[in-house]
Amino acid sequence: MKLEEFASREGISVQRAARLAREHRIPNAVKVGNQWELPAGAAVERRDGRPISPQSRADFLGFLHTGTLDHVTGTRKKRAGERIRQFWASDDPAKLLRDWWGGTPSEGRGGAALVRAAQKGYDWQVRDVHRSRNTWILDSPDLIKRRVGDYRAIRGLTIDEVADAAHVDPQVVSMLERQGVTPTTNRDAARVIRALDIKFMKIVAERASND
């Protein structure tokens, strides 16, 4: 199908149809030379969400690039956690990224490359990253407290909710997040890590000092 035919059928200008094709909002539209070729029955991919703010974009990309939320605190950390949780739960993560970025091309390395893949229609690349999660070796207090804090924000859980899911005292969760140490046993620390759905190869949580 030619772009002009599609524009006429949809009741939009050719210029708008071309912009939709450039933004990959017409699935399987392919540019051959200077002309767009569209499949029969082509339709515009509707947006289910609004573009997010530049700050939210930067925080989300920071997590994709580093696998952590070390770069944000407070309400920004909570908001970034909500975005990550929404991305992980999405059945169509590439479309979600296109919705969040609108037609604005992303720049930079790391996580921005994933957004560019979505904008170019390389949905399979986005799905590959979406399925993968970081696997951690948690063998120091600093690593443990950072990951527990990150993933509690991402999961949107209170300390009591994590403790209930892990079947431990809330003090265990609190100390792991604040100090990276456990007042009980390494086994309890592992229960907290699993309750937060953190993938790990190894965890060694130091006992809190009684001094």
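Notes on the structure follow. (Residues numbered from 1 in each chain as written. Predicted model: local features only at pLDDT ≥ 70, side-chain atom pairs only at ≥ 80, totals over all residues. Heavy atoms only, no water.)

1. Regarding the packing of helix H3 (residues 54-66) against helix H4 (residues 74-89)
As a reminder, the rule being used: Axis definition: a line fit to C-alpha positions, over the contact stretch in the case of helices; interaxial angles, taken between N-to-C directions, run 0 to 180 degrees. The way it works is that DSSP assigns letters per residue, a run of H or I at least four long becomes a helix, a run of E at least two long becomes a strand, and they are numbered from the N terminus. Note on angle classes: values under 35 degrees are labelled roughly parallel, values over 145 roughly antiparallel, values of 65 to 115 roughly perpendicular, and the remainder oblique. For any pair of crossing helices, the crossing counts as left-handed if the nearer helix is rotated counterclockwise from the farther one by less than a right angle, and right-handed if it is rotated clockwise. Here a residue-residue contact requires only that any non-hydrogen atoms of the pair lie within 4.5 Å. Each residue is assigned to one of three groups, with Ala, Val, Leu, Ile, Met, Phe, Trp, Tyr, Cys and Pro labelled nonpolar, Asp, Glu, Lys and Arg labelled charged, and all others, Gly among them, labelled polar.
Between H3 and H4, the shortest axis-to-axis distance is 9 Å and the interhelical angle comes to 65 degrees. Accordingly, the angle class assigned to the pair H3 and H4 is roughly perpendicular. Here the hand of the crossing between H3 and H4 comes out right-handed. Where H3 abuts H4, its residues Gln 55, Ser 56, Asp 59, Phe 60, Phe 63 and Leu 64 lie against Arg 76, Arg 79, Ala 80, Arg 83, Ile 84, Phe 87 and Trp 88. Class assignment for the residues of the contact of H3 with H4 results in seven nonpolar, two polar and four charged.

2. Description of the environment of Asp 150
Rules: Burial classes: relative accessible area under 20% of the type maximum marks a residue as buried, over 50% as exposed, and values in between as partly exposed (1.4 Å probe, protein chains only). In protein, a polar contact requires one atom able to donate a hydrogen and another able to accept it; more generally it is a pair of N or O atoms within 3.5 Å, and residues adjacent in sequence count only if both atoms are side-chain atoms.
Along the polypeptide, Asp 150 turns up in helix H8 (residues 141-155). Taking relative accessible area as the criterion, Asp 150 reaches 1% and is therefore assigned buried. Note: C-alpha distance between Asp 150 and Thr 73 (77 residues apart in sequence) is 9.8 Å. With sequence-adjacent residues up to four places away left out, Asp 150 is seen in contact with Thr 68, Leu 69, Asp 70 and Lys 77. From its side chain, Asp 150 meets the backbone nitrogen of Leu 69 in a polar contact 3.1 Å long.

3. Points about the packing of helix H9 (residues 159-166) against helix H11 (residues 186-195)
At a closest axis distance of 8 Å, the pairing of H9 and H11 adopts a crossing angle of 110 degrees. Between H9 and H11, the angle falls in the class roughly perpendicular. Considering how the two elements wind past one another, H9 and H11 form a crossing that is right-handed. For the pair formed by H9 and H11, the contact residues are Val 162, Ala 165 and Ala 166 on the first element and Arg 191, Val 192 and Ala 195 on the second. In the contact of H9 with H11, the residues fall into five nonpolar, no polar and one charged.

4. A few points about the nonpolar core
The following threshold applies: Nonpolar cores were defined as sets of buried Ala, Val, Leu, Ile, Met, Phe, Trp, Tyr and Cys residues, with membership established by side-chain atoms within 4.5 Å.
Phe 87, Leu 97 and Val 192 are the most contacted members of the largest nonpolar core, which has 43 residues in total. Setting aside residues up to four positions removed in sequence, Leu 97 forms contacts with Phe 60, Phe 87, Leu 114, Val 115, Ala 118 and Val 126.

5. So, the side chain of Asp 59
Locating Asp 59 in the fold gives a position in helix H3. Of note is the side chain of Asp 59, whose polar atom sits 2.4 Å from the side chain of Arg 76. If near-sequence neighbours (up to four positions away) are discounted, Asp 59 is found in contact with His 71, Val 72, Arg 76 and Ala 80.

6. Some remarks on the pattern of salt bridges
Cut-off, in case you're wondering: Throughout this description, the term salt bridge denotes a Lys or Arg side-chain nitrogen within 4 Å of a carboxyl oxygen of Asp or Glu.
In the structure shown here, the tally under the stated rule is 14 salt bridges. Notably, a salt bridge pairs Asp 70 with Arg 146, separated by 2.4 Å at the nearest N-O pair. Of this pair, Asp 70 sits in the loop between H3 and H4 while Arg 146 sits in helix H8, and the two are 76 residues apart along the sequence. Note on Arg 146: relative accessible area 29%, which makes it partly exposed. Ionic pairing is found between Asp 70 and Arg 147, a salt bridge with its closest N-O pair at 3.6 Å. Pair noted here: Asp 70 is in the loop between H3 and H4 and Arg 147 is in helix H8, with a separation of 77 residues, a long-range link. Given a relative accessible area of 1%, Arg 147 falls into the buried group.

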